[in-house]
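A closer look at the structure
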Amino acid sequence: MARLDFPKDFVWGTATASYQIEGAYQEDGRGLSIWDTFSHTPGKVVNNDNGDVACDSYHRYEEDVALLKNLGVKAYRFSIAWPRIFPQGTGEVNEKGLDYYRRVVDALIAAGIEPCVTLYHWDLPQALQDKGGWANRDTIDAFVKYAEVVFKAFDGKIKQWITFNETWCVSFLSNYIGAHAPGNTDLQLAVDVAHNCMVAHGQAVKKFRELGVKGQIGTTHNLYWYEPYSTKPEDVAAAHRNRAYYNEWFMDPTFKGTYPPFMVDWFREKGVEVKIQPGDLETMSQPIDFIGINFYSGGFGRYKKGEGLFDCEEVQVGFDRTFMDWNVYPDGLYKVLSWVKEEYGDIPIYITENGACYEDELTADKRVHDVLRAEYYKKHFIQCHRVIESGVPLKGYFAWSLLDNFEWAEGYKKRFGIVYTNYETLERHPKDSYYFIQKVIADGGLDV
Ligand SMILES: N=NNCCOCCOc1ccc(-c2cn(C[C@@H]3NC[C@@H](O)[C@H]3O)nn2)cc1
């Protein structure tokens, strides 16, 4: 057996998001979000599930904090719901909305757990969507105003800030593929949304610096690791386009202040242009203190004319797959983080999401023997250790997710939690994977 010890200051955490766990969708002045609208539209979400109640963390956050404390994490990543702070997106601040997050933050601090907050985790106020949402550049100013209110309210208590979660999901998944809210299917619109979100990210970072807010700020991108199936030049080019669709399209603007030229040309061929206004590229590439990377999967692609957006077809090479039908590809984590260091330099990295969805069964004695999920975590922890040993500045890891929760268009059928949520009783039951992670944190590492 080999012993893999993590640095003493490595930050272990878990992650959730407001719309996925809070419920209380009309409580204390909360306004509607695009996910309320989307989930209440028949046919958009499996079983027509919605976030009206979810895990009821709005009322049960103390139970969640107790689970976090017992798990032994140093930090907890959650998101603030913009519609609780500005029910109409702009205008009057809803103090009761701020008060909820004051209760959560104070409970975390009392438990010795650092709050790590995502400002935008997809629940855009519907009132802003009614005016074009992220395709309307006015939303950028509304976002900065929302960020300013929250920065000021929690300065000194929240010390790790993430502007956006998974801008690829906000843009392409939600406005080109159409699988997520608001469910548009227009490539130009998706490119506009991606651009405006990255400008909003940069403007919020500038506001953070202007206000002299204590702590660190970054953003989170979901990166996939796609490799060419063969060394044939056409396969290499096709797989690179598909990788860049998730990775370079967002990482290059964030760190280089440019879009990857080969992708700009590819989109231009499809009649799609990036609408860059003077100053946008400088704004979006504002220096940040860390990058959050959400990693779940990857694969192999090869050239196939006419296949998808990039003439690239995925080739199955025998990976095990999760219940989301995603490849289990732990080496992909090592490769993508090594690539981040190589491409973008020594920016501190936090894995802000990693985890797996499997079918879980609650036993009569309230246990969940989620062997596959525990194995998934073990395999990815090994790759985290490997990448740290290689000199990549990986500073922390947040498991997705603390709780089974509303998995967007998949509803409640898809469980990612290390704690089982009984949606009838709203009871929480730690799974075997919770106890596996608890031991890794307590021991400061693992034996393999
Ligand atoms: N890729 N295109 N395929 C073509 C058809 O796709 C249809 C569906 O696609 C996707 C792609 C990606 C995801 C996804 C989900 N999570 C997990 C969440 N991360 C943030 C947190 O809230 C977690 O819940 N990360 N990524 C979902 C659906």
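Keep in mind the model is a prediction, meaning the values are calculated, not measured.

1. Side note on the overall build of the chain
- Looking only at helices and strands, the chain features 16 helices and 15 strands.
- On C-alpha atoms alone, the chain measures out to a radius of gyration of 21 Å, which is about the 22 Å that the 2.2 N^0.38 rule sets for 448 residues.
- Along the first, second and third principal axes, the C-alpha set of the chain runs to 60 × 55 × 45 Å.
- Put simply, the chain has 448 residues, and 61% of those count as buried.
- At a minimum sequence separation of 6, the contacts of the chain that also span at least 24 residues come to 76%.
- On the chain, roughly 16600 Å² of surface is accessible, and the fraction owed to carbon and sulfur atoms is 50%.
- For the chain, the centre of its 48 positive side-chain charges and the centre of its 64 negative side-chain charges are spaced 2 Å apart.

2. As for the layout of surface pockets
- The volume enclosed by the largest pocket comes to roughly 910 Å³.
- The wall of the largest pocket is formed by 40 residues, among which Trp168, Leu173, Tyr224, Tyr246 and Trp326 lie closest to the centre.
- Contributing elements (two or more residues each) for the lining of the largest pocket: α8 (167-177), α10 (233-246) and β10 (312-315).
- Residues that form the lining of the largest pocket fall into these classes: 21 nonpolar, ten polar and nine charged.

3. Comments concerning the site of the ligand
- Close to the ligand lie 16 residues; Gln20, Tyr246, Glu353, Glu407 and Trp408 are nearest.
- Between a nitrogen atom of the ligand and a side-chain N or O atom of Glu353, the distance comes to 2.8 Å.
- Taking Trp408, its side chain carries an N or O atom lying 2.8 Å from an oxygen atom of the ligand.
- Assessed atom by atom at 2 Å from the grid points, the ligand resides in the largest pocket.
- Grouping the amino acids of the shell around the ligand by side-chain chemistry returns ten nonpolar, three polar and three charged.

4. With respect to the sheet that holds strand β7 (residues 225-228)
- Taken together, the three strands give an open sheet; going across it, the order is β7-β9-β10, and neighbouring strands pair in mixed fashion. The open sheet has two free edges, formed respectively by β7 and β10, since each of these has just one partner strand. On average, adjacent strands in this sheet sit at an angle of 45 degrees to one another, irrespective of strand direction.
- Note that β7 and strand β9 (residues 298-303) share four bridges and pair parallel. The residue of β9 that forms the bridge with Pro228 is Gly301.
- With respect to the sheet, α10 is in contact with β7, β9 and β10, its orientation differing from that of β7 by roughly 170 degrees.

5. Thoughts on the UniProt feature "binding site: substrate" (unreviewed entry) in the chain
- Sites flagged by UniProt as "binding site: substrate" (unreviewed entry) map to Gln20, His121, Asn165, Tyr296, Trp400, Glu407 and Trp408. Among the annotated residues just listed, those lining the largest pocket are Gln20, His121, Tyr296, Trp400, Glu407 and Trp408.
- Following the sequence through the fold, His121 ends up in the loop between β4 (114-120) and α6 (126-129).
- His121 gets classed as buried once you look at its relative accessible area, which sits at 1%.

Definitions and cut-offs
- Residues numbered from 1 in each chain as written.
- Predicted model: local features only at pLDDT ≥ 70, side-chain atom pairs only at ≥ 80, totals over all residues.
- Heavy atoms only, no water.
- Helix = DSSP H or I, 4+ residues; strand = E, 2+ residues; numbered from the N terminus.
- Rg over C-alpha atoms; globule rule 2.2 N^0.38 Å.
- Buried < 20%, exposed > 50% of the residue type's maximum accessible area, 1.4 Å probe, protein only.
- Contact = heavy atoms within 4.5 Å.
- Areas by Shrake-Rupley, 256 points an atom, 1.4 Å probe, with all protein chains shown as cover.
- Lys, Arg positive; Asp, Glu negative; His and termini not counted.
- Charge placed at Lys NZ, Arg CZ, Asp CG, Glu CD.
- 1 Å grid on protein atoms, 1.4 Å probe; cavity = no way out; pocket = protein on both sides within 12 Å on 5 of 7 lines; lining within 4 Å.
- Points joined across faces, edges and corners; volume = space filled by probe spheres on them.
- Nonpolar A, V, L, I, M, F, W, Y, C, P; charged D, E, K, R; others polar.
- Near = heavy atom within 4 Å.
- Polar contact = N/O pair within 3.5 Å; in protein donor to acceptor, adjacent residues only side chain to side chain.
- Sits in = over half its atoms within 2 Å of the grid points.
- Pairing = 2+ DSSP bridges.
- Axes fitted to C-alpha atoms, helices over the stretch in contact; angles between N-to-C directions.
- UniProt positions renumbered as here; feature names shortened; annotations may be inferred.

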